Amino acid sequence: MALFLTGSTGSIGSYVAADLLKNHSDRLALLVRAKDEDEARKRLWKVFQLHMGFEEFSQLTHDRVDLYLGDLSRESLGLDDSAKHRLVKTMDSVIHCAASLNRKSAKACFNVNLRGTLHVLKLAQAARDDHGLRRFSDVSTVAVCGKRKNETLTENDMLEWSRSDYDPYARTKKFCEYMVEELLSDVERTVFRPSIVLGDSRFPETIQFDMLRAFVMLASVPVLPFRKSWRVDIAPTDFVAKAIVHIHQKRKPDHDIYNLTSGIASLTYEQIVKGLGEHGLATPHVFIPWLEKPVSHFVNALSYSPKKLGVAYPASLMKVFMPYLTFNTVFDNSRITQELGEHPVPFTEYAYELFRFAKACKYNFPYQPWPEVNSKQESQVA
């Protein structure tokens, strides 16, 4: 039997897969979008090299990974009848990590998030009907809470269907949670809601740069359109992945929904600026909250500027993320910290080195190519 994981080539999904392979004994069924197994393994190697060397990757994936070449947005995930039958027959549990994070595109979010989740759920239903399903875990987001301001929310406070959403990503993830509850009502289910997931508290490297680019941009300007007392809920990726794996593998979790966040320990902008300064960031900052709307309009204008100026892309990121940086809302994490027995490392303890890494590599992870291997190794990884 196998644990079916979607999103293994994404940031959180690759962390979850690496944790499962290194610290657990489950066989993994991984859905990878690729034309053949060779391309799929090379895609996996790109993200797994953040966690292990090639020899370990080669051995673990050879011994314990079943590859399924498919696409979330296609019926039956694009699997042929044989692969679909094999997946259904061997699926013991599901961790659904895959999602479109494109907050600007309703088309991408509806195709990948809504239709993709529905396709995964239909296969999960088939496995449930065939031999039973131990657990279905859905990686959602705190953004399902909708538009908020100056609040601290528990898991039970989050969903209000009458409340407006920030963007298509938040809207579709809220409906995904609803589908999981409705279509697998007789299966053990867990919903995970990460906040802003940024970096790794153990080392200053990452493969996900969009939100990081926005923070580096903010750290480099002297005037910030925030109140210094506003809090921003940031959790490191290693904490989020550890929580997902721990709860999914637990025989009987205490709850069915978990905020994977920094909770009431979330830092204020003043604390973040001070922490970065203590670690070496020289830029002094002045907080002028009434600039929030003018800055938002300015960023919006820059996002439509000519590409040759080099500011359109970072401005478009800021445009997307500004609502999440100014709503001053944090999400209680007492459920997950009680279960794990630990709290996430504060952003200021690893942010400066992470910023340095991002700027040094120009927001492109220095991927190692697929190694030249001898015939014995080739037969092992084929």
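Residues numbered from 1 in each chain as written. Predicted model: local features only at pLDDT ≥ 70, side-chain atom pairs only at ≥ 80, totals over all residues. Heavy atoms only, no water.

Draft legend 1. Representation of the pattern of salt bridges. Tallied over the entire structure, the rule returns 24 salt bridges. Here K35 and E39 are joined by a salt bridge, their closest N and O atoms 3.0 Å apart. The exposure class assigned to K35 is exposed, which follows from its relative accessible area of 68%. Ionic pairing is found between D38 and K42, a salt bridge with its closest N-O pair at 3.4 Å. One end of the pair is D38 and the other is K42, both in helix α2 (residues 37-48) and 4 residues apart, which spans about a single turn. Here the residues in one salt-bridge network are R148, E151, E160 and R163, joined through shared partners. (Salt bridge = Lys/Arg side-chain N within 4 Å of Asp/Glu carboxyl O. Buried < 20%, exposed > 50% of the residue type's maximum accessible area, 1.4 Å probe, protein only. Helix = DSSP H or I, 4+ residues; strand = E, 2+ residues; numbered from the N terminus.)

Draft legend 2. Summary view of the state of the cysteines. By the definition in use, this model includes 0 disulfides. Its sulfur unpaired, C145 is 16 Å from the next cysteine sulfur, which belongs to C109. (Disulfide = S-S within 2.5 Å.)

Draft legend 3. Quick look at the packing of helix α1 (residues 11-23) against helix α3 (residues 54-64). Between α1 and α3, the shortest axis-to-axis distance is 11 Å and the interhelical angle comes to 80°. The angle between α1 and α3 falls in the class roughly perpendicular. Every residue of α3 that contacts α1 at L20, L21 and K22 is listed here: E56, L60 and R64. Each residue belonging to the contact of α1 with α3 can be placed in one class, and the counts come to 3 nonpolar, no polar and 3 charged. (Axes fitted to C-alpha atoms, helices over the stretch in contact; angles between N-to-C directions. Parallel < 35°, antiparallel > 145°, perpendicular 65-115°, else oblique. Contact = heavy atoms within 4.5 Å. Nonpolar A, V, L, I, M, F, W, Y, C, P; charged D, E, K, R; others polar.)

Draft legend 4. Representation of the packing of α1 against helix α8 (residues 237-249). The contact between α1 and α8 brings their axes to 9 Å, and the two run at 55°. If you check the angle between α1 and α8, you find them oblique. Relative to α8, α1 is oriented so that their crossing is right-handed. Touching S11, I12, Y15, V16, D19 and L20 of α1 are T237, D238, V240, A241, K242, I244, V245 and Q249, all from α8. Residue composition of the contact of α1 with α8, by class: 8 nonpolar, 3 polar and 3 charged. (Left-handed = near helix turned anticlockwise from the far one by under 90°.)

Draft legend 5. Examining the environment of T283 more closely. Along the polypeptide, T283 turns up in the loop between α9 (269-279) and β14 (286-287). Separated by 258 residues in the primary sequence, T283 and S25 place their C-alpha atoms 47 Å from one another. Those residues within four positions of T283 in sequence are excluded, and the remaining contacts are A219, S220, V221 and P222.

Draft legend 6. Expanded view of the environment of L276. As for its placement among the helices and strands, L276 is situated in helix α9. Setting aside chain neighbours within four positions, we find L276 in contact with A219, L281, A351, Y352 and F355.

Draft legend 7. Molecular detail of the side chain of S76. Tracing the backbone shows S76 in the loop between β3 (65-69) and α4 (81-90). Take S76: its relative accessible area is 13%, and that puts it in the buried class. A polar contact is formed between the side chain of S76 and the side chain of K84, at a distance of 3.4 Å. Not counting the four nearest positions on each side in its chain, S76 is found in contact with K84 and H119. (Polar contact = N/O pair within 3.5 Å; in protein donor to acceptor, adjacent residues only side chain to side chain.)

Draft legend 8. Geometry of the nonpolar core. Judged by nonpolar contacts, the single largest core of 80 residues is most densely connected at V16, L325 and F347. Aside from chain neighbours lying at most four places away, what touches V16 is L5, I95, C97, A241, I244 and V245. Core analysis: the second largest hydrophobic core is formed by 27 residues, A29, V88, C176 and V187 among them. (Core = buried A, V, L, I, M, F, W, Y, C linked by side-chain atoms within 4.5 Å.)

Draft legend 9. Main features of the layout of surface pockets. In this structure, the second largest pocket spans a volume of roughly 290 Å³. Forming the walls of the second largest pocket are 18 residues, and the residues nearest its centre are Y15, D19, R202, D238 and K242. Elements with a minimum of two residues in the lining of the second largest pocket: α1 and α8. The element that contributes the greatest number of residues to the lining of the second largest pocket is α1, accounting for 5 residues. Along the lines of polarity and charge, the residues of the lining of the second largest pocket split into 8 nonpolar, 4 polar and 6 charged. (1 Å grid on protein atoms, 1.4 Å probe; cavity = no way out; pocket = protein on both sides within 12 Å on 5 of 7 lines; lining within 4 Å. Points joined across faces, edges and corners; volume = space filled by probe spheres on them.)

This is a description of form; function is not addressed.
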